[in-house]
Amino acid sequence: MSIQSVSDDYRNLVELNYQLYNGLLLTLPLDAVQQTGVVLPLLEEACRQGLAAGVDPERILTDFFANQRPGLDEEQQLAFLFKVIQYVERQIVLVDALEDAAYEKIHDTARRCDLRDLAARVSADNLQDELLALLERFQARVTLTAHPTQFYPGPVLAIITDLTEAIRAQDIGRARNLLQQLGNTPFFNKRKPTPLDEAVNLGWYLGNIFYPAIGRIHRQLAEQLDSGYRPNPHLLSIGFWPGGDRDGNPLVTAEITTKVAAKLRDLIVARYHRDVRKLKRRLSFADVYERLEEIEHRLHRELVNELDMAYASPGQLIAELEQVRALVVERYQSLYLNLLDSFLLKVRTFGFHFASLDIRQDSRVLADCLKRAIVNNPEAFPENFASLDEAGQVDFLLGFDQELSWDGSGSDATAPLLSDTIESLALMRQIQQGNGELACHRYIISNCRGALDVATLLALLRGTGWSEPSVDVVPLFETIIDLDQAGACMAALYANPRYREHVRRRGSSQTVMLGFSDGTKDGGYVTANWSIFKSKEDITRVSRQAGIEVHFFDGRGGPPARGGGSTYEFYSALGKEIESNQIQLTVQGQTISSHYGAREAAEHNLRQLLAAGLENNLFDRPERQLDAAQRELLEQLSRISFEHYQRFKSHPEFLPYLEQMSTMSYYSQSNIASRPPRRGGDQADFSSLRAIPFVGAWGQLGQNVPGFYGLGAALQQLAGAGRLADLQALYRGSRFFRALIGNSMQSMSKANFQLTAHMAEHPRFGAFWRQIHEEFRSSREMVLRVSGQKALLEDNPASRRSIELRQRIVLPLLVIQQFAFLRINREGLAEAERERYRKMIIRCMFGNINASRNSA
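Residues numbered from 1 in each chain as written. Predicted model: local features only at pLDDT ≥ 70, side-chain atom pairs only at ≥ 80, totals over all residues. Heavy atoms only, no water.

Quick look at the packing of aromatic side chains now. Scanning the model with the defined rule gives 39 aromatic pairs in all. When the centroid spacing of 6.0 Å and the interplanar angle of 65° are considered together, the rings of Phe381 and Phe385 count as edge-to-face. Pair check on accessibility: Phe381 and Phe385 agree, each one buried. With centroids separated by 5.2 Å and ring planes inclined at 20°, the aromatic side chains of Phe381 and Phe400 adopt a geometry described as stacked. On the criterion of sequence distance, the pair formed by Phe381 in the loop between helix H16 (363-376) and helix H17 (390-398) and Phe400 in the loop between H17 and helix H18 (415-435) is long-range, its members being 19 residues apart. Neither Phe381 nor Phe400 differs from the other in exposure class; each is buried. It is Arg298 that lies over the ring of Tyr311; its NZ or CZ is 4.1 Å from the centre. The ring of Trp466 is capped by Arg429, whose NZ or CZ atom sits 5.4 Å from the centre of that ring. (Phe/Tyr/Trp six-rings, centres within 6.5 Å; stacked < 30°, edge-to-face > 60°. Buried < 20%, exposed > 50% of the residue type's maximum accessible area, 1.4 Å probe, protein only. Helix = DSSP H or I, 4+ residues; strand = E, 2+ residues; numbered from the N terminus. Lys NZ or Arg CZ within 6 Å of the ring centre and 35° of its normal.)

Summed over the entire model, instances satisfying the criterion amount to 61 salt bridges. Glu75 is the salt-bridge partner of Arg836, the closest N and O atoms lying 3.6 Å from each other. Here Arg836, found in helix H34 (residues 831-852), pairs with Glu75, found in helix H5 (residues 74-101); they are 761 residues apart in sequence, far enough to count as distant. Of the residues examined, Arg836 reaches a relative accessible area of 25% and is grouped as partly exposed. Taking the relative accessible area as the measure of exposure, Glu75 reaches 46% and is therefore partly exposed. Residue Arg505 pairs with Glu501 through a salt bridge whose shortest N-O separation is 3.6 Å. Of the two residues, Arg505 and Glu501 both sit in helix H21 (residues 497-505), four residues apart, roughly one turn of that helix. (Salt bridge = Lys/Arg side-chain N within 4 Å of Asp/Glu carboxyl O.)

Mapped onto the elements of the fold, Glu579 is located in the loop between helix H24 (567-572) and strand S9 (582-588). The class of Glu579 is buried, set by a relative accessible area of 14%. At 3.1 Å, the side chain of Glu579 and the side chain of Arg544 are in polar contact. Setting aside anything within four residues of it in sequence, one finds Glu579 in contact with Thr540, Arg544, Glu549, Val550 and Phe552. (Polar contact = N/O pair within 3.5 Å; in protein donor to acceptor, adjacent residues only side chain to side chain. Contact = heavy atoms within 4.5 Å.)

So, on to the pairing of strand S8 (residues 549-555). For S8, a buried count of six out of seven residues is recorded, marking the element as mostly surrounded by other parts of the structure. By the bridge criterion, seven bridges tie strand S7 (residues 509-515) to S8 in an arrangement that is parallel. Bridge pairing links Val512 to Phe552 in S8. Relative to S9, S8 runs parallel, the two sharing two bridges. In the strand pairing of S9, Asp554 is matched with Leu585. (Pairing = 2+ DSSP bridges.)

Have a look at this one:
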């Protein structure tokens, strides 16, 4: 399908239908509609024209009220603006549903079926045996996180799902009722969700999306590869962070982790119970039906708490189902065997854990636990432990095999945190005993600084009763310095015989996590991406030399500034120097709902993930390999960009600008997640700031700085040195560089500097704003020159048109938010008025974030 055809489909299926259904919304008997619906188009136009003319948001709204609502006093004006916010929030939901309903068309999934194309190419190149062998060992894992980037509460997500179905069926009456339900459903939480709430909310995706989608993908593979396909139950799996990720979140406790693990088991048992009931409708044969009925009865007894566990392990259930299968084959001509085999594959895939619950904690907390252990158990450690060099400490800790006493853990402020961290280590063993090893088998060390952090965790695990920990230790490297040293760190660990033995027991494989979010926050967009690419190459090299298969786990957020963007383009850009027998990544918040919220979207994105990984292992493509000249150019680009970003980050107005002129400080008041916006309390230093409020605040400003800052300066400097042709050749010849430029285009396409143009004359921040704007202009100009495109995202019409539609709809919210910022900064403002403007800023955050779908 041509670019023009995709653009036409978007216009016909989304934009024109938006006018139809928005007109329907205007007829509903809703307070927000009756008060604002008729004049909202006038407000949109006033905002567009005013910003284009350089008028500040406060003046735009003042003039609007004077012209369109002259009889309203100030109190009534604010009430009107809150109604506008409510109405626009629902318009955004309508766009979400329309895009989901048209997903297959506007994303051209019929043509862009990468697994089908892959199978055809494999057949043409006579690589069928290689592909079948690869499918038996390849794995992809999508890990759901509870990071605060999703502003839709559960009931609204359910309405979006039902509205999507009604639109797809062209059921106008049902759509009207759902829009009316939407108008009467709150869009924000009155209290912060608990980690358990977050787990329950994400459980909807597990049961309704991933459970059936993974089974369908296996069926599609079997159809495309004929009888040679042998399903690998680990080909696609799900990871889970809510209730396990305690890094900087004191609300995630051992009690919560226990409840989440139990909830995950309940969810999968309920799915199995439902599927067995369905099987009985077809496998109604003598002796088969009775056996299925017994399985159903046991699962039911667990669901109603008559049994602690219907089965002690997935193997027990699988054994009974295999007996049923044998009967169907021997006595009943294999009738409906495909249904039974499909269910068996699900049991092998999901076990009794459904999703693997990862435990995560900061390395500094683990170090404090070790210090407490030494204080409580001096006899277990050498007297000179503190004076040993790092290699000596690592060697001792890797050989540590004593159970420790944790009594008398102290009464200081850190005692609860340390006690919970220790308790979580022992809890992993209990969860494995109840739900299987895959239920909780990974411990992620945030802010991992080297081999000592890994050795510390293993010593603590043994100190809590593990003899041989069935735990995969996953170091997470995040800062630019740590990324640069990651290869050396892993080499040092592999060189230690004790660690090598641990890795051997874990299948001679090692998972390493790399953090895009904090990498970008630390070193800027270009350097973070290039450093992660090089780090993967370094770690792959030392792992291969040690005979260890490394698996990379990418901590990716929604926007390009946090590793987002096109997943397929990212993974298909990796060359042979980067191990790719597995693909693992995090998805969170809006990315979960936009990429995996509907069946078609989920299957398409999972298929693309598989295709990218399989392609990397099967085919050599020159555009995935970087030659020496290309590497030298990327190195220069990274160095210049890094220096430019560091000067920007060290500007004296950098943090004050974010704190006073953006929504950064409002994330903690938004009731969208249990996790605090800063690590370790509320101290106002850059290092403690979470990447999500940092990136999200720039998005709310319409500036999206982390997605481009430093790129324009670097491209411009190299072009000025006569290397524009080299950059253009790099764009044509390197998938990595094309993905880097394309994702930055996505960030810039969502920027709107007209919104904050009034800041150019701000007495304190004017010069700083102008600096940001100049870098944006430079970046936009240079990416177009390098790519040869005439407009941002010219080659991606669906994304471009979606962004344009959403930006137009949300424009009044952006203007209202800036209006509230201007008002709240007035001197002498009464506290009651200040509180109203605070609420207005926060309410606008919801709609602005949801409209962008991947802004944080």
